[in-house]
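A look at the structure
Below are the chains, spelled out letter by letter.
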Amino acid sequence: MDIRFGVVTVSDRSASGERVDASGPILVDAIRIQGWSVNKVVIIPDDLERIKATLATWADSDQVDVILTTGGTGFAPRDVTPEGTQAILERLVPGIPEVMRAESLKITPHAMLSRMTAGIRKNTLIINLPGSPKAALENFHVIKPVLEHAVKLLKDDPGSEQGHLATKQ
Ligand code: MTE
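Report follows, based on the coordinates. The structure displayed is predicted, hence computed values, not measured ones. (Residues numbered from 1 in each chain as written. Predicted model: local features only at pLDDT ≥ 70, side-chain atom pairs only at ≥ 80, totals over all residues. Heavy atoms only, no water.)

Re the pairing of strand β6 (residues 124-129)
Rules: Classification of residues uses two cut-offs on accessible area relative to the type maximum, computed with a 1.4 Å probe and protein chains only: under 20% is buried, over 50% is exposed, and between them is partly exposed. A helix here means a DSSP run of H or I that spans at least four residues, while a strand means a run of E at least two residues long, and both kinds are numbered starting from the N terminus. A pair of strands is treated as paired once DSSP finds two or more bridges between them.
Along β6, 6 of the 6 residues are buried, which leaves the element largely enclosed by surrounding structure. Burial of the side chains of β6 extends over both faces: T124, I126 and N128 are buried on one face and L125, I127 and L129 on the other. Across 5 bridges, strand β3 (residues 66-70) lies against β6 in parallel orientation. Bridge pairing links T70 to L129 in β6. Sheet topology note: the strand β5 (residues 118-121)/β6 ladder contains 4 bridges and is antiparallel. Paired with G119 across the two strands is I126, which belongs to β6. Hairpin geometry of β5 and β6 is characterised by an intervening segment of 2 residues between the two adjacent antiparallel strands and by a positive phi of about 55° at K122.

With respect to the site of the ligand
Note the following rule: It suffices for a single heavy atom of a residue to lie within 4 Å of a molecule or strand for the residue to be listed as near it. Whenever two N or O atoms come within 3.5 Å, that pair is a polar contact, provided that in protein one can donate a hydrogen and the other can accept it, and provided that, for residues adjacent in sequence, both atoms are side-chain atoms. Here the Shrake-Rupley method, with its probe set to 1.4 Å, supplies the accessible areas, and only the displayed protein chains count as covering residues. Buriedness for pockets is judged along seven lines, at least five of which must meet protein on both sides within 12 Å for an open set on the 1 Å grid over protein atoms alone, while cavities are sets there where a 1.4 Å probe fits but cannot get out, and lining residues have an atom within 4 Å of a point. Think of it this way: a molecule belongs to a cavity or pocket when more than half its atoms come within 2 Å of the grid points there. Gly is put with the polar residues, along with every residue not named as nonpolar or charged; the nonpolar set is Ala, Val, Leu, Ile, Met, Phe, Trp, Tyr, Cys and Pro, and the charged set is Asp, Glu, Lys and Arg.
Lining the immediate surroundings of the ligand are 16 residues, of which T73, G74, S104, G131 and E138 lie closest. Side-chain polar atom of E138 to a nitrogen atom of the ligand: 2.6 Å apart, as the coordinates give it. A distance of 3.4 Å separates a nitrogen atom of the ligand from a polar side-chain atom of N139. Taken by itself the ligand offers 530 Å² of open surface, and the protein chains cover 77% of this. The site holding the ligand turns out to be the largest pocket. Per element, the largest residue contribution to the shell around the ligand is 4 residues, and it comes from helix α6 (residues 133-143). Split into classes, the residues belonging to the shell around the ligand amount to 3 nonpolar, 10 polar and 3 charged.

Digging into the layout of surface pockets
Rules: Grid points are joined across faces, edges and corners, and a volume is the space filled by probe spheres set on the points.
The computed volume of the largest pocket comes to approximately 690 Å³. Lining the largest pocket are 37 residues, and of these G71, T73, P130, G131 and S132 sit closest to its centre. Counting only elements with at least two residues in the lining of the largest pocket, the list comes to β1 (4-10), α1 (12-15), α5 (95-105) and α6. Per element, the largest residue contribution to the lining of the largest pocket is 5 residues, and it comes from α6. Of the residues assigned to the lining of the largest pocket, the class counts are 11 nonpolar, 16 polar and 10 charged.

Right under this line is the structure:
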């Protein structure tokens with residue numbers, strides 16, 4: 001099953017050209033290795049309004065099923081990706097960041113410093129990932145196994161209910 005992704009790198013330094021963005025491309029490669037599509041890619045600064053506008057426009061475009069952001073989830077004064085994301089979400093999905101943090105804690109105690117969030121707007125699942133290529137990829141591998149089922153549920157695909165019944169019985 002294909003999943004249509006959007007990847008947003010949130011970084012002042014990458015947006016200004018001061019630093020080459022490594023995290024966006026590493027996520028794009030990891031998505032394509034799964035056989036999924038990347039329909040939209042952008043690098044934006046750590047700006048609340050830009051984050052909100054990008055995520056809302058993409059979620060409302062009906063061109064992406066999942067939006068991954070990378071960066072801006074930490075404690076620096078300009079780290080506002082979770083705030084920008086939560087501002088445009090309609091429903092929160094706390095289980096995703098809970099499990100990403102739990103699994104990442106097995107790798108580094110710094111995992112608890114990521115304020116990443118996740119949720120749903122219309123039929124699009126939006127998930128924050130941390131900013132370093134290593135952290136973005138490690139967290140992507142945590143969520144990868146549930147994405148197809150999540151997207152089926154968001155599309156209100158009756159076949160996805162079969163999946164529930166099969167696991168309950
Ligand atoms: N999660 C994993 N799996 N691996 C990591 O190396 N780094 C952490 C954390 N989550 C890390 C991780 C660090 S050092 C920070 S500061 C936070 O993510 C926030 O990162 P960000 O500000 O780049 O979004």
